[in-house]
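An overview of the molecular structure
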Amino acid sequence: MAKERFVRVYSQGKLDAIMIFVDRETGVNYVFNKVGYAGGLTPLLDKDGKPVITSIEELDKK
């Protein structure tokens, strides 16, 4: 069975939630924020404004 493309690596909250997902193909981290029935998704950026990248090998260890 193939692995899921996106993996959730962080979760905080229930009704108002913040989650971080990592794309297994690119390593790019995304932040998802949910408040009630609304939500938004954006790439997670470092202090220089560049996307945060997680190595694929590091993900496979989890």
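Analysis parameters
- Residues numbered from 1 in each chain as written.
- Predicted model: local features only at pLDDT ≥ 70, side-chain atom pairs only at ≥ 80, totals over all residues.
- Heavy atoms only, no water.
- UniProt positions renumbered as here; feature names shortened; annotations may be inferred.
- Helix = DSSP H or I, 4+ residues; strand = E, 2+ residues; numbered from the N terminus.
- Pairing = 2+ DSSP bridges.
- Axes fitted to C-alpha atoms, helices over the stretch in contact; angles between N-to-C directions.

1. Focus: the UniProt feature "domain: DUF6440" (unreviewed entry) in the protein
With numbering aligned to this structure, UniProt lists the feature "domain: DUF6440" (unreviewed entry) at residues 5–54. Helix makes up 0% of residues 5–54 and strand 56%. Its end C-alpha atoms lie 14 Å apart.

2. Details of the sheet that holds strand S2 (residues 16–23)
If you trace the four strands from one edge of the open sheet to the other, you get S1-S2-S3-S4, paired in antiparallel fashion. Bordering the open sheet on either side are strand S1 (6–12) and strand S4 (38–43), each of which pairs with just one other strand. Adjacent strand axes in the sheet meet at a mean angle of 20°, parallel and antiparallel pairs treated alike. Of the strand pairs in this sheet, S1 and S2 are connected by six bridges, and their pairing is antiparallel. Among the inter-strand pairings, Tyr10 is bridged to a residue of S2, identified as Ile20.

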